[in-house]
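Chain residues, written in single-letter form:
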Amino acid sequence: MALISTSPSSLSSSSSSSAAIPHRSFITFKSNNNKVRMNKTMIRGSSSSDSSGALSNGSSVLFRAAKHTVDTYITSGMVVGLGSGQASAMAIEYMGRQLRAGALKDVIGIPTSVASANEAAVAGIPLDQYRDTSQIDFAFDDADIIEEGTLVAVIGRQQPKGDESIIQEKSVLNAADKLVFMVSENQYKGVLDGSVPVLVQPVNWMETAEEIDDLFIGDAEIWRRASIGLAGPLGGDFPLVTKEGHHVLDIIFTSPIPSLAKVAESLDKIDGVVDHGVVSKFPNYRCAVVIASESGLSTVDNLSANTAEGLQS
C-alpha cells in the first residue's frame, strides 16, 4: 500500500515516493461518460452592501452566492437542508434575517452538522432533526470541489469539527428534492485533483485500505486521518474516529481524477467501506452550482435539457 511519511500539506502534487510502485493508470476510469447537459447563466456582480463591511473580498464574494441562493431557491413553507461551511453559514445567517423581516415564513431547517445547527439556532431558524422519512424540499451546501460537466461533488476534505458527519451531511443532501452547491470559481473544475475521504470500519481497516490502494496503484496514496496533528500515513496512535465510530481514509490523488462517479462506484463495492465524500445522484435529481468570482456569479444546473449561456446586463 502506498503509505508514505511526508506531510499531508505536500500532497497537492505528485509524490516521488510513489516511484517504487509500478505505475498503473486508471484502467477502468479512462473517460467520463456521465456528463449531463447543463444550463449556465452569468449574473452580473451585485452590490455587496448587504454584507458586513468587515468581510474580506473572498467572504464578500461568497456572501453574494449565499444571498443569491436564498433569494432564488427558498420560498415560504419549505423544509430546507442547511449545509456546512463558510458559504452555508452565510446563507443560514441571511435566512434568519429574512425570517425576522417577514420575507420568509414557516421555513424549517434540517442541519447537516452540529455547526449548522448552532448557526441556525443563533439565526432564529426553527429546526427539525433528519430522519429516514424526512421530506426535504431544498438543500444547500459548500463543496470542496465540483466536477465540471456532471456537478458531482466532493465534501469532507476538511478535518471535522466536533460531531460533524459525512454520513449525516450526505443523508440530508440526498433526501432533498433540489440541491445547490455554493463554491468559488477555483472549486469548479474540469481537471480534478486532491483527495476523496472514505469512511471505513475500524476492524481490519488496513485490509480495506490495501484494497482501495489496489484500485489506484501509482495514481493515489492512502492515509488514515489522525485526530490531532500530523501523525504519518497510518494515523498514529490516535486516529480520527467519527461519531458513528468509523475511521477516515484519505485517497490522495497524485494524478488527475478522470471520473468522480466511477471512483464512487468502485468504492461502494469494497467491503469495509461505509461511505465516502463523493456526492452523486445524477441525472436523477435536480442540482445547481452557484459559482462566485470577483466579476460576479454564475449558475450551472441540470434543470433544463437545453444548454444556454447569457449575461445579465
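Residues numbered from 1 in each chain as written. Predicted model: local features only at pLDDT ≥ 70, side-chain atom pairs only at ≥ 80, totals over all residues. Heavy atoms only, no water.

## Observations regarding helix H2 (residues 86-101)
Taking 1.5 Å of rise per residue, 16 residues should cover 22 Å, and H2 covers 23 Å from first to last C-alpha, within 8% of that figure. Among the residues of H2, Ala87, Ser88, Met90, Ala91, Ile92, Tyr94, Met95, Gly96, Gln98 and Leu99 are the ones counted as buried. Of the residues flanking the end of H2, it is Gly102, one or two places downstream, whose phi is positive at about 85°. (Helix = DSSP H or I, 4+ residues; strand = E, 2+ residues; numbered from the N terminus. Expected span 1.5 Å × (residues − 1). Buried < 20%, exposed > 50% of the residue type's maximum accessible area, 1.4 Å probe, protein only.)

## Things to note about the pairing of strand S9 (residues 192-200)
In terms of residue burial, S9 counts as a mostly covered element, since 8 of its 9 residues are buried. Where S9 meets strand S11 (residues 247-257), 8 bridges bridge the pair, whose relative direction is antiparallel. Looking at the pairing, Ser195 lines up with Ile252 of S11. (Pairing = 2+ DSSP bridges.)

## Here's the deal with a negative patch on the surface
Side chains of Glu207, Glu210, Glu211, Asp214 and Asp271 sit close together on the surface and give a patch of like negative charge. For Glu210, the position within the fold is in helix H5 (residues 205-215). With a relative accessible area of 37%, Glu210 lands in the partly exposed category. (Patch = residues over 30% accessible without salt bridge, like charges linked within 9 Å, V, L, I, M, F, W, Y side chains within 5 Å. Areas by Shrake-Rupley, 256 points an atom, 1.4 Å probe, with all protein chains shown as cover. Salt bridge = Lys/Arg side-chain N within 4 Å of Asp/Glu carboxyl O. Lys, Arg positive; Asp, Glu negative; His and termini not counted. Charge placed at Lys NZ, Arg CZ, Asp CG, Glu CD.)

## Description of the packing of H2 against helix H3 (residues 114-123)
Two quantities define a packed helix pair, namely the angle between the helix axes and the distance between the axes. Contact pair H2 / H3: the axes reach a minimum separation of 8 Å and the direction vectors enclose 25°. When the interaxial angle is binned, H2 and H3 end up roughly parallel. Where H2 crosses over H3, the two elements pack in a sense that is right-handed. Here Ala89, Ile92, Glu93, Gly96 and Arg100 of H2 lie close against H3, whose contacting residues are Ser116, Glu119, Ala120 and Ala123. (Axes fitted to C-alpha atoms, helices over the stretch in contact; angles between N-to-C directions. Parallel < 35°, antiparallel > 145°, perpendicular 65-115°, else oblique. Left-handed = near helix turned anticlockwise from the far one by under 90°. Contact = heavy atoms within 4.5 Å.)

## Here's the deal with the nonpolar core
One finds Ile74, Val80, Met95, Phe138 and Phe140 to be the most contacted residues of the largest nonpolar core, which totals 31 residues. Breaking this core down by element, the ones donating at least two residues are helix H1 (57-73), strand S2 (79-82), H2, H3, strand S4 (138-142), strand S7 (178-184) and strand S14 (286-293). The contacts of Phe138, once residues within four sequence positions are left out, are Thr69, Tyr73, Ile74, Met78, Val79, Val80, Gly81, Ala176, Lys178 and Val180. (Core = buried A, V, L, I, M, F, W, Y, C linked by side-chain atoms within 4.5 Å.)

## Looking at the side chain of Arg64
Turning to its location among the elements, Arg64 is positioned in helix H1. Buried charged residue Arg64 carries no salt bridge. Nearest counter-charge: Glu294, at 5.1 Å. In terms of polar contacts, Arg64 uses its side chain to reach the backbone carbonyl oxygen of Ser293, at 3.4 Å. (Polar contact = N/O pair within 3.5 Å; in protein donor to acceptor, adjacent residues only side chain to side chain.)

Spatial relationships are all this shows, so hold off on functional conclusions.
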